[in-house]
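Tertiary structure, described
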Amino acid sequence: MNYFPAFFDLRDRPALIVGGGEAAARRLRLLRKAGARVTVVAPRVGNEIAAALAEGAVALRQRGFVSGDVNGQTAVFAATGLDGVDSRVAEAARTAGVPVNVADRAELSSFIVPAIVERDPVVIGISTGGAAPVLASRVREAIERLLPARLGGLADFADSFRSAVKATVPNAASRLRFWDRFFDGPVADQVLTGNERAARERMLTLVNNRAANEPPRGSVAIVGAGPGDPDLLTLRALRLIQRADVVIYDKLVGPGVLDLVRRDAERIHVGKSRGHHSKGQDEINALVAEEALGGKRVVRLKGGDPFIFGRGGEELAYLRERGIPVEVVPGITAALGCAAVTGLPLTHRDHAQAVTLATGQGKDGEPDLDWAALARLNQTLVIYMGVGAAGRIATRLIAHGLDAATPVAVIENGTLPNQKAAYGRLSGLGWLVRQSGIAGPALIVIGRVAALADAALPALEPARLRAVAV
Ligand code: SAH
């Protein structure tokens with residue numbers, strides 16, 4: 001280890017910055033957060049430092065640096081970018097025995113400033129000992145992604161209950177267990193999702209009931225896994241997947257997403273494929289509830305978004321009725337994923353003023369849709385679960401007035417390596433699906449925007465299309 005890691009207490013203590021530009025402003029930002037009394041020495045200062053001056057947040061000595069400036073300082077930061085000046089500052093500080101940091105010049109510094117991840121009051125410092133600053137910022141990004149945005153709020157929350165917990169759980173070992181469970185449990189989850197009021201109420205109950213001795217309580221997260229590409233998961237989905245004890249997933253969840261599940265977590269496949277239900281919805285509901293009531297952290301993982309043709313609403317209601325803590329994490333729905341990978345904008349100022357997501361499958365086969373409304377111009381119609389009935393859907397829309405020449409796109413396995421897309425006109429939709437061998441999971445996009453997709457050109461060039469549509 002080349003450097004000793006430490007955190008300085010600079011609150012209400014004098015600190016000196018030499019320099020008035022960008023690098024100096026960056027130091028100033030940090031020093032203000034740490035509550036230091038900052039003096040800047042510089043003949044000229046940039047906008048940010050000038051603004052701080054106007055607020056009265058710093059003192060300025062508007063001139064060049066003189067050695068005496070370092071006297072009485074707790075720490076000195078040189079950030080002029082001028083070799084001669086920075087070296088003089090470093091030398092003066094060392095002579096006076098004041099810790100000094102020179103921006104980007106580790107060899108002149110007695111301490112270096114790490115890259116930081118901030119979740120105040122949690123602060124993580126990262127250093128490669130000056131060897132590879134770019135690597136340090138990569139590490140920072142990785143940690144940044146890993147830690148929930150409200151982690152600092154969680155620390156403050158725990159802090160506000162510290163003395164109460166100490167009073168009700170006097171035994172140190174039990175207290176440790178209490179906090180361990182707390183950080184893994186549903187109350188902490190509530191704080192992390194921003195539901196602090198409910199968390200506070202529940203925490204009071206926990207503390208008053210001496211929860212350290214109670215069995216752990218399970219919870220469920222109904223999580224959207226996106227259209228298949230694991231890079232399209234939300235950060236919260238990733239975090240929950242990696243912490244889950246049990247993951248109960250559907251057929252549409254991509255294999256790349258499942259690879260992210262903790263290795264020792266249990267995985268239960270409850271996939272449904274068309275015409276073949278491996279588990280009925282009632283069975284799935286019961287299974288999810290049973291796992292949670294057994295104290296497990298359950299992730300109910302669904303393709304796309306749980307609330308778009310995902311029965312997320314039914315599962316949520318079922319769990320709520322039973323008093324099981326449950327949260328919903330959105331995912332990128334297939335329409336958005338497929339649109340992005342084919343370069344097909346779902347709305348467009350010239351072509352589509354609205355988007356409708358519809359299902360091509362009703363409870364008894366035929367969907368109960370208002371075809372006349374769907375046939376209205378200036379909108380994009382995205383049909384889920386529709387490839388089996390593609391021809392029928394086209395016939396109905398045309399019968400209700402939609403132009404038979406309206407462009408269409410059919411996208412199968414969008415965002416996955418085996419993705420496939422076919423383009424044509426509404427009148428030929430049934431034929432297009434058959435001819436391209438698309439069997440699903442696939443989406444049908446109907447509307448003028450379908451001609452804007454990357455591969456739709458030149459078969460359906462937009463210029464001709466506009467003429468057709470007018
Ligand atoms: N909750 C999911 C939809 C579930 S319904 C979501 O928000 O995306 C299942 C239908 O979604 C499939 O029949 C298909 O029409 C569509 N679908 C899901 N993933 C898809 C993908 N990767 N590519 C194309 N269509 C997809």
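In this report, we go over the structure that sits alongside the text. (Residues numbered from 1 in each chain as written. Predicted model: local features only at pLDDT ≥ 70, side-chain atom pairs only at ≥ 80, totals over all residues. Heavy atoms only, no water.)

Focus: the overall build of the protein chain
Check the secondary structure of the protein chain and you find 18 helices and 19 strands. The C-alpha atoms of the protein chain give 30 Å as radius of gyration, which overshoots the globular expectation for 470 residues (23 Å, by more than 25%). Taken along the three principal axes of its C-alpha coordinates, the protein chain extends 90 × 65 × 40 Å. Relative to its 470 residues, the protein chain shows a buried fraction of 43%. Relative to all contacts within the protein chain whose residues are 6 or more apart in sequence, the contacts with residues 24 or more apart total 63%. (Helix = DSSP H or I, 4+ residues; strand = E, 2+ residues; numbered from the N terminus. Rg over C-alpha atoms; globule rule 2.2 N^0.38 Å. Buried < 20%, exposed > 50% of the residue type's maximum accessible area, 1.4 Å probe, protein only. Contact = heavy atoms within 4.5 Å.)

As for a nonpolar patch on the surface
Side chains of Phe309, Val355, Leu357 and Met385 sit close together on the surface and give an oily, nonpolar patch of about 310 Å² of accessible area. Relative to the helices and strands, Leu357 is located in strand 15 (residues 354–359). Judged by its relative accessible area of 32%, Leu357 falls in the partly exposed class. (Patch = residues over 30% accessible without salt bridge, like charges linked within 9 Å, V, L, I, M, F, W, Y side chains within 5 Å. Areas by Shrake-Rupley, 256 points an atom, 1.4 Å probe, with all protein chains shown as cover. Salt bridge = Lys/Arg side-chain N within 4 Å of Asp/Glu carboxyl O.)

Side note on the layout of surface pockets
Considered as a void within the structure, the second largest pocket measures approximately 1,100 Å³ in volume. As for the second largest pocket, its lining consists of 32 residues, of which Ala6, Phe7, Phe8, Pro114 and Ile116 are closest to the centre. Mapped onto the lining of the second largest pocket, the elements with two or more residues apiece are helix 1 (22–33), strand 6 (115–119) and strand 7 (122–126). Taken together, the residues of the lining of the second largest pocket sort by class into 21 nonpolar, five polar and six charged. (1 Å grid on protein atoms, 1.4 Å probe; cavity = no way out; pocket = protein on both sides within 12 Å on 5 of 7 lines; lining within 4 Å. Points joined across faces, edges and corners; volume = space filled by probe spheres on them. Nonpolar A, V, L, I, M, F, W, Y, C, P; charged D, E, K, R; others polar.)

Structural notes on the nonpolar core
Counting 24 residues, the largest nonpolar core has Leu397, Val410, Leu426, Leu429, Ile444 and Ile446 as the members making the most contacts within it. The element best represented in this core is helix 16 (residues 390–399), accounting for four residues. (Core = buried A, V, L, I, M, F, W, Y, C linked by side-chain atoms within 4.5 Å.)

Observations regarding the site of the ligand
In the vicinity of the ligand there are 18 residues, among which Asp305, Ile308, Thr333, Ala334 and Ala442 approach most closely. Between the ligand and the protein, one listed contact pairs an oxygen atom with a backbone N or O atom of Ala334 at 2.8 Å. Ala442 is positioned with one of its backbone polar atoms (N or O) 2.7 Å from an oxygen atom of the ligand. Relative to its unbound accessible area of 540 Å², the ligand is 92% covered by the protein chains. Contributions of two or more residues to the shell around the ligand are made by helix 14 (334–342) and strand 19 (442–446). Grouping the amino acids of the shell around the ligand by side-chain chemistry returns 12 nonpolar, five polar and one charged. (Near = heavy atom within 4 Å. Polar contact = N/O pair within 3.5 Å; in protein donor to acceptor, adjacent residues only side chain to side chain.)

Observations regarding the side chain of Arg297
As for its placement among the helices and strands, Arg297 is situated in strand 13 (residues 297–302). At 3.3 Å, the side chain of Arg297 forms a polar contact with the backbone oxygen of Arg243. Excluding residues that lie within four positions of it along the chain, Arg297 makes contacts with Asp184, Ser219, Arg243, Ala244, Asp245 and Val246.

As for the pattern of salt bridges
Following the criterion strictly, the structure yields 23 salt bridges and no others. A salt bridge links Arg105 to Glu107; its shortest N-O distance comes to 2.6 Å. Since its relative accessible area comes to 21%, Arg105 is described here as partly exposed. You can call Glu107 exposed: its relative accessible area is 55%. One salt bridge connects Asp264 with Arg262, and the closest N-O pair in it is separated by 3.2 Å.

Some points on the side chain of Thr406
With respect to the helices and strands, the residue Thr406 is situated in the loop between helix 16 and strand 17 (407–412). In this view, Thr406 contacts Gly424, Arg425, Leu426, Ile446, Gly447 and Arg448; residues no more than four positions away in its chain are not counted.

Some details on the sheet that holds strand 8 (residues 219–224)
The strand order across the open sheet built from five strands is 10-9-13-8-14, with neighbouring strands paired in parallel fashion. The sheet is open, and its two edges are formed by strand 10 (266–269) and strand 14 (326–329), each paired on a single side. Averaged over neighbouring strand pairs, the angle between their axes works out to 20° when direction is ignored. Pairing of strand 9 (residues 246–249) with strand 10 involves four bridges; the strand directions are parallel. By the bridge assignment, Tyr249 is partnered in strand 10 with His269. Sheet strands in contact with helix 10 (residues 235–243) are strand 8, strand 13 and strand 14, and its direction is about 135° off that of strand 14. (Pairing = 2+ DSSP bridges. Axes fitted to C-alpha atoms, helices over the stretch in contact; angles between N-to-C directions.)

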